[in-house]
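Listed here are the chains, written in short residue letters.
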Amino acid sequence: MKLFPLRTWHRLCSLTPLLAVAIVGLWFLPATSRWQLLALPLGGVLVSIALLGAWQGWLLARRRLEFGCPQCRKNALVTAADKKRWHLDCPECGPLTIHTGWRSLRIASYAKKRPRHRSKK
Ligand SMILES: [Zn+2]
């Protein structure tokens, strides 16, 4: 089940530390400040991203998680993941290893493009 392109999910996850810092920063404002009302929607966004991540973990454990390939945007099955890497199996590009940093995605290794048609001899 494809939810997002991998880059979109990575950008959403990159927002979470900023959201958490903003929410904690809002707690330090005086209790009468109206800016504290902003913590509620920000917290809602943060919880939504966390729930999406939990659901993706559930899909990954059942080998049903797919993302849009960062190269060709086709549905690519996630075969493994950890804190720093995603392993995708794209039907167009083949197996891909993608390293993630806080602000960047880097395709570390990939097989040559799979042939679309085998020549008949
Ligand atoms: Zn691809």
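Residues numbered from 1 in each chain as written. Predicted model: local features only at pLDDT ≥ 70, side-chain atom pairs only at ≥ 80, totals over all residues.

(A) Focus on the overall build of the protein chain. The secondary structure content of the protein chain amounts to two helices and six strands. Ordered by position in the sequence, the α and β elements of the protein chain form the string β-α-α-β-β-β-β-β. Expressed as a percentage of contacts within the protein chain between residues at least 6 apart in sequence, the contacts between residues at least 24 apart total 32%. (Helix = DSSP H or I, 4+ residues; strand = E, 2+ residues; numbered from the N terminus. Contact = placed C-beta atoms within 7 Å.)

(B) Quick peek at the pairing of strand β4 (residues 85–90). Along β4, the buried face is formed by W86, L88 and C90; none of R85, H87 and D89, which line the opposite face, is buried. Across four bridges, the pairing between strand β3 (residues 75–81) and β4 is antiparallel. When the bridges of β4 are listed, L77 appears paired with D89. Between the antiparallel neighbours β3 and β4 lie three residues. One ladder, built from six bridges, connects β4 with strand β5 (residues 94–100); its direction is antiparallel. Residue pairing across strands places H87 opposite T97, the latter belonging to β5. Count of turn residues in the β4/β5 antiparallel hairpin: three residues. (Buried ≥ 20, exposed ≤ 12 C-beta atoms within 10 Å, placed from the backbone. Pairing = 2+ DSSP bridges.)

(C) Fine view of helix α2 (residues 39–61). When the terminal C-alpha atoms of α2 are compared, their 33 Å separation across 23 residues agrees well with the 33 Å that a helix rising 1.5 Å per residue should span. Where α2 ends, the next residue or the one after it, R63, has phi of about 55°, a positive value. (Expected span 1.5 Å × (residues − 1).)

(D) The arrangement of unusual backbone geometry in detail. In this structure, R63 is a non-glycine residue whose phi angle is positive, near 55°. Within the fold, R63 resides in the loop between α2 and β2 (66–68). On the basis of neighbour count, R63 is assigned to the exposed category, with 11 C-beta atoms found within 10 Å. Although it is not a glycine, R73 adopts a positive phi angle of roughly 70°. Along the chain, the position of R73 falls in the loop between β2 and β3.

(E) Local environment of the environment of G94. Counting through the fold element by element, G94 comes out in strand β5. For the pair G94 and A76, spaced 18 residues apart in sequence, the C-alpha to C-alpha distance is 8.9 Å.

Honestly, it's all geometry; don't read function into it.
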